[in-house]
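# Descriptive structure summary
Here is how the chains run, residue by residue.
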Amino acid sequence: MVSVPMFPMGRSLQDLGSFFEIDRILSAPAARCMETVVPLAHRESLTVEVTHDLSDSRIEHAMRLVDDARGTGTVLCTHEDVVSGVLARLADRDRTTLEPRAGRRRGSVWALTGDASRYTSAYYLPMPEPVHAPDLGPANN
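This report concerns the structure included in the present document.

Calculation rules
Per-chain numbering applies: the sequence of each chain, read as written, is numbered from 1 onward. Per-residue local features are limited, in this predicted model, to residues with pLDDT of at least 70; the limit for side-chain atom pairs, both in listing and counting, is 80 or more; totals at the level of whole chains, interfaces and linings are taken over all residues. Only heavy atoms go into the side-chain values, all of them from the structure, while hydrogens and water stay out. By nonpolar core is meant a set of buried Ala, Val, Leu, Ile, Met, Phe, Trp, Tyr and Cys residues that side-chain atoms within 4.5 Å join together. Only protein chains enter the calculation, and the probe is 1.4 Å; a residue is then buried if its accessible area is under 20% of its type maximum, exposed if over 50%, and partly exposed in between. Note on conventions: DSSP H or I runs of at least 4 residues are helices, E runs of at least 2 residues are strands, and numbering of each starts at the N terminus. Each salt bridge in this description consists of a side-chain nitrogen of Lys or Arg and a carboxyl oxygen of Asp or Glu lying within 4 Å of one another. Note that the arc is defined by the directions from the helix axis to the C-beta atoms. By the convention used here, residues are in contact when the closest approach between their heavy atoms is within 4.5 Å.

Right, let's get into the nonpolar core. Within the largest apolar cluster, 26 residues are counted, with the highest numbers of intra-cluster contacts made by Ile25, Val37, Leu40, Leu54 and Val86. Counting residues per element, the ones that place at least two in this core are strand S2 (24-27), helix H3 (31-44), helix H4 (59-69), strand S4 (74-78) and helix H5 (80-93). Among the elements that take part in this core, H4 stands out by supplying six residues, more than any other. Counting six residues, the second-largest nonpolar core is a separate cluster that includes Leu98, Trp110, Ala122 and Tyr124.

Now the structure itself:
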């Protein structure tokens, strides 16, 4: 599950395919969500499925998608409030163990693990911060 980044992080998100088998990618229609997952979809030769069920404040709708994704390699890109709401509901309903130190900020990436009946753990996957080129001032000619 990916929340909308504050800045484009598509390049670093592409690397998820190196660690997880990805079968499906769903995204909220927000431009920043799409910018985040389209590079991953290209790398994995998948199409991004756009759904309003991952839009702001649609936590119950997102929960249905999260439940449907159990046992599959599905990436969901949504908003910060939806990620927080889904994680809170999983902790309450499934007793999912959440990584205690992780924030639920924009640009966060979470891996959910479990079995066919419930998610047992949610792991925060820190993504690399963007590297900015140093300001070298005006070019000397």
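As a working rule, side chains carrying opposite charge can pair if their charged atoms are close by. Summed over all chains, the structure comprises eight salt bridges. The residue arginine 43 makes a salt bridge to glutamate 44 at a minimum N-O spacing of 3.6 Å. When its relative accessible area of 23% is taken as the criterion, glutamate 44 is described as partly exposed. Salt bridges here are not isolated pairs; linked through shared partners, they connect Asp67, Arg70, Arg93 and Asp94.

Where H4 is concerned, the buried positions are Ile59, Ala62, Met63, Leu65, Val66 and Ala69. The arc that holds every buried residue of H4, seen down its axis, measures 165°, which confines them to one face. Taken together, the buried residues of H4 touch S2, S4, H5, strand S6 (110-114) and strand S7 (119-124). Directly beyond the C-terminal end of H4, a positive phi value near 85° is found at glycine 71.

Another aspect to go through is unusual backbone geometry. Its identity as a non-glycine residue notwithstanding, serine 45 has a phi of 55°, on the positive side. Following the sequence through the fold, serine 45 ends up in the loop between H3 and strand S3 (48-50). Phi is positive for arginine 95, close to 60°, though the residue is something other than glycine. Relative to the helices and strands, arginine 95 resides in the loop between H5 and strand S5 (97-98).

Here the focus is the side chain of serine 55. Along the chain, the position of serine 55 falls in the loop between S3 and H4. Look at serine 55 and you get buried, because its relative accessible area is 15%. Setting aside residues no more than four positions away along its own chain, serine 55 makes contact with Ala28, Pro29, His79 and Val82.

So, about the environment of glycine 114. Positionally, glycine 114 belongs in strand S6. Sequence separation between glycine 114 and arginine 70 is 44 residues, and the spatial gap between their C-alpha atoms is 7.6 Å. Excluding anything up to four places from it in sequence, glycine 114 contacts Tyr119 and Thr120.

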